[in-house]
Amino acid sequence: MSMKLPWLRPVLLFAGLTVASAHAGSQEWPRTPVKVVVPFDAGSTPDVAARVVGDRLAARLGQPFVVENKSGAAGNIGTDTVAKAEGDGKTIGVSIAGPLGVNALLFRTMPYDVEKDIELVSIAVSQPSVLVVGAKSSTTDAKQLAALMAQKTRLSFASIGAGSISHLAMAALVAQTGADAVHVPYRGSGAAVTALLSGDVDMALLPAAAVMPHVKAGKLRALAVASPERSPSLPDLPTLGESGLPDIKGDAWIGFIAPAKTPAAVIKKLHDGIVQVLAEPEVKEKLRLQYMDPVGNSPEAFRQVLAADVKRWKPVVDKNKITLD
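Residues numbered from 1 in each chain as written. Predicted model: local features only at pLDDT ≥ 70, side-chain atom pairs only at ≥ 80, totals over all residues. Heavy atoms only, no water.

*Asks:* An account of the packing of helix H8 (residues 189–198) against helix H9 (residues 208–216) is requested, with residue identities and associated values reported.
*Replies:* Running from amino to carboxyl end, H8 crosses H9 at an angle of 30°, the nearest separation of the two axes being 10 Å. Of the two elements, H8 crosses H9, and the hand of that crossing is right-handed. For the pair H8 and H9, the contacting residues are Ser-189, Val-193 and Leu-197 in the first and Ala-210, Val-211 and His-214 in the second. (Axes fitted to C-alpha atoms, helices over the stretch in contact; angles between N-to-C directions. Helix = DSSP H or I, 4+ residues; strand = E, 2+ residues; numbered from the N terminus. Left-handed = near helix turned anticlockwise from the far one by under 90°. Contact = heavy atoms within 4.5 Å.)

*Asks:* Describe the environment of Lys-35, naming the residues involved and giving the relevant values.
*Replies:* Tracing the sequence through the fold places Lys-35 in strand S1 (residues 34–38). By relative accessible area, Lys-35 is classed as partly exposed at 29%. Residues Lys-35 and Val-67, 32 residues apart in the sequence, show an inter-C-alpha distance of 6.0 Å. Setting aside its immediate chain neighbours within four residues, Lys-35 contacts Val-66, Glu-68, Lys-90, Thr-91 and Ile-92. (Buried < 20%, exposed > 50% of the residue type's maximum accessible area, 1.4 Å probe, protein only.)

*Asks:* Describe in detail the packing of aromatic side chains, supporting the description with residues and values.
*Replies:* Across all of its chains, the model carries two aromatic pairs by this definition. Ring centres of Trp-29 and Phe-65 lie 6.3 Å apart, and the angle between their planes is 90°; on these two criteria the pair is classed as edge-to-face. With Trp-29 in the loop between helix H1 (8–28) and S1 and Phe-65 in strand S2 (residues 65–69), the pair connects residues that are 36 residues apart, well separated along the chain. Between Trp-253 and Phe-302 the ring centres are 5.3 Å apart and the planes differ by 80°, which places this aromatic pair in the edge-to-face class. Remark: Phe-302 occurs in helix H12 (residues 299–320) and Trp-253 occurs in strand S10 (residues 252–259); sequence separation between them is 49 residues. The exposure class of Trp-253 is buried, given its relative accessible area of 7%. (Phe/Tyr/Trp six-rings, centres within 6.5 Å; stacked < 30°, edge-to-face > 60°.)

Have a look at this one:
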């Protein structure tokens, strides 16, 4: 016996229209310029990555991707701008481990909830952090530095700010070697590099793009990279582990994000566009010149990297009683 279900056809029709609408939204996006919020100053590594990738996304997708720098509060201000934006595909952003995870360990209150307010799209690039000393330093390689640290020789290290990965990675290194070292925070990599050049501090772990031009000019000495394996950008530099120091993972990644209510079809199109852009030889070369290695992973893989970062740095934050409030 057949049973007529008069409501079935309208429901199926509605479902079909919904799927078609989502597909159409993906096909049509972007119909207007897309704002890319960078939570750090112009010229910073997140800014550079946003502009390199954004320029090619514009060429592929037919609309400008316009970078807007909104720095402050260790990246929270710009990241909050993305979190609070309408999920209409007109605003996306880039961010790093700090504002997407580590800052929640450093601030008593956060203006946004990453789980509820932000959609992770893809990690675009990873950049090695380089252990450097001044060119006049008596330390010529990381093994010598390890020996100095083991002797508890009083040293100082620069960072690009309290709670930054450059701070946490060095704090972890100091703790694991039992060294006696003083942290000297600076506002950004430029000031930290200036302190190294002038001899005001002994060492630092800083993004490769900030230090390698000075290394090539003979003004700084690169000792090792803070990553489990040698970086494709700096294949001749040994890792900390190869150099007799604890193997600290201090490389920095830069990822694309969007407001949480952005349609899934738009997120997918953005993700696919980023992956395609990162595969372009011209983009690879531009990133190589900035010591950045293309990644282009999935949102789920992005989430796993973020969770691992928080797990890695929480003991360091707690042990050193680091706070930004």
